[in-house]
Amino acid sequence: MKLDEQEHPEPLTGRKGEPQTDQADATTDISPALFRNVLGRFCSGVTVVTASHDGRPAGMTCQSFMSLSLEPPLVAFAPALTSRSYPRIREAGHFAVNVLAADQVELARKFSHSGVDRFAGVRWCREVTGAPLLDGTVAHIECELVEEYGIGDHLLVVGRVVALSSHPDATPLLFFGSSFAALSESD
C-alpha cells in the first residue's frame, strides 16, 4: 500500500532546510555548567535526610531523592562523595527522609550548610528507626539502609522503607532553576 503524501506532509523546515523542532538546538559538548543549567529545568521536591548516630542527630538537605520499588518498598537518595554528613548516616544504618513543606525554605538552607548545628532550634521527634523526624513536613519515610553504589561524583543509597506517614494538607517545597518554589492554586 502506497502512502498518500497528503496524509504525511513534509516536516516544516528551519534554517538551512533542516527539520524544524520545538526544542532548542542540542549539544554534545556537555560542561558541568551546562549540565547543571539544563537539569535545573527539572522540578524536584526538597528533603532533609536524617539519622541518629551515637545518640546524636545528623542530617543533610537532599533533592536527589526518589521512589525506587513498591515490592519491596524501596527509596533512594544520592549524596555527593564529598558529603560530610552522609558518613554519619551510613554508620547509623538507618535514615529518615523528611519531605519539606513550602514554608520550610529556611530549614532546607540550614541543613545544606556545613559547620553549623543544623538541629539548633528545630523541633523533631523519634519514631521507629530513631532517626529525627522534623516537625511540619509533608511526609516522613523511615528506612533501613540496604545498599550503596558509587556512581560518578555521588553515591546512590538505597533504603528499605520500614515506616512512613504523611500530612496531606501540607504543600510541598519545590526546587526549580536553582531556586525554591511552591505549588500555586490553579483557577
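Owing to the predicted nature of the structure, the values given are computational and were not obtained by experimental measurement. (Residues numbered from 1 in each chain as written. Predicted model: local features only at pLDDT ≥ 70, side-chain atom pairs only at ≥ 80, totals over all residues. Heavy atoms only, no water.)

Q: Would you mind going over the nonpolar core with me for this structure?
A: Generally speaking, nonpolar side chains in soluble globular proteins are found buried as a group. Grouped together as the largest cluster of nonpolar side chains are 21 residues, with contacts concentrated most on Val49, Phe77, Tyr86 and Phe95. Where this core is concerned, the elements lending two or more residues are β2 (47–53), β3 (56–62), β5 (74–77), α2 (86–92), β6 (94–99), β9 (139–151) and β10 (154–166). By residue number, the principal contributor to this core is β9, which donates 4 residues. Those residues in contact with Val49 that lie beyond four places of it in its chain are Ala58, Gly59, Met60, Cys62, Phe77, Ile89, Phe95, Ala96 and Val97. Counting residues in each nonpolar core, the second largest holds 12 residues, with Leu100, Val105, Leu134 and Phe175 among its members. (Core = buried A, V, L, I, M, F, W, Y, C linked by side-chain atoms within 4.5 Å. Buried < 20%, exposed > 50% of the residue type's maximum accessible area, 1.4 Å probe, protein only. Helix = DSSP H or I, 4+ residues; strand = E, 2+ residues; numbered from the N terminus. Contact = heavy atoms within 4.5 Å.)

Q: Which parts of the structure should I look at to understand the layout of surface pockets?
A: Any space left empty among the atoms is revealed by the rolling of a water-sized probe across them. There is about 1,400 Å³ of room inside the largest pocket. Elements supplying a minimum of two residues to the lining of the largest pocket: α1 (32–39), β3, β4 (65–69), α3 (105–110), β10 and β11 (173–176). Considering every element that reaches the lining of the largest pocket, the biggest residue donor is α1, with 4 residues. What the second largest pocket holds in volume is close to 240 Å³. Ranked by the residues each element gives to the lining of the second largest pocket, the list is headed by β3, at 4 residues. Among the residues forming the lining of the second largest pocket, the class breakdown is 4 nonpolar, 4 polar and 5 charged. (1 Å grid on protein atoms, 1.4 Å probe; cavity = no way out; pocket = protein on both sides within 12 Å on 5 of 7 lines; lining within 4 Å. Points joined across faces, edges and corners; volume = space filled by probe spheres on them. Nonpolar A, V, L, I, M, F, W, Y, C, P; charged D, E, K, R; others polar.)

Q: Looking at this model, I keep getting lost on the environment of Asp117. Mind explaining?
A: One can find Asp117 in the loop between α3 and β7 (124–126). For the pair Asp117 and Pro57, spaced 60 residues apart in sequence, the C-alpha to C-alpha distance is 9.8 Å. Engagement of the side chain of Asp117 in a polar contact is seen with the backbone nitrogen of Phe119, the distance being 3.1 Å. (Polar contact = N/O pair within 3.5 Å; in protein donor to acceptor, adjacent residues only side chain to side chain.)

Q: Explanation requested: the packing of aromatic side chains in the structure shown.
A: The relative placement of two aromatic rings is captured by the distance of their centres and the angle of their planes. This model, assessed by the stated rule, comprises 5 aromatic pairs. Seen from their ring centres, Phe77 and Phe95 are 5.0 Å apart, and the 70° between their planes marks the pair as edge-to-face. With Phe77 in strand β5 and Phe95 in strand β6, the pair connects residues that are 18 residues apart, well separated along the chain. When its relative accessible area of 0% is taken as the criterion, Phe77 is described as buried. Relative accessible area serves as the criterion here: at 0%, Phe95 is assigned to the buried category. Between Phe175 and Phe180, the ring centres sit 5.2 Å apart and the planes meet at 70°, which makes this aromatic pair edge-to-face. By relative accessible area, which is 26% here, Phe180 ends up partly exposed. Members of the aromatic cluster, connected to one another through ring pairs, are Phe77, Tyr86 and Phe95. (Phe/Tyr/Trp six-rings, centres within 6.5 Å; stacked < 30°, edge-to-face > 60°.)

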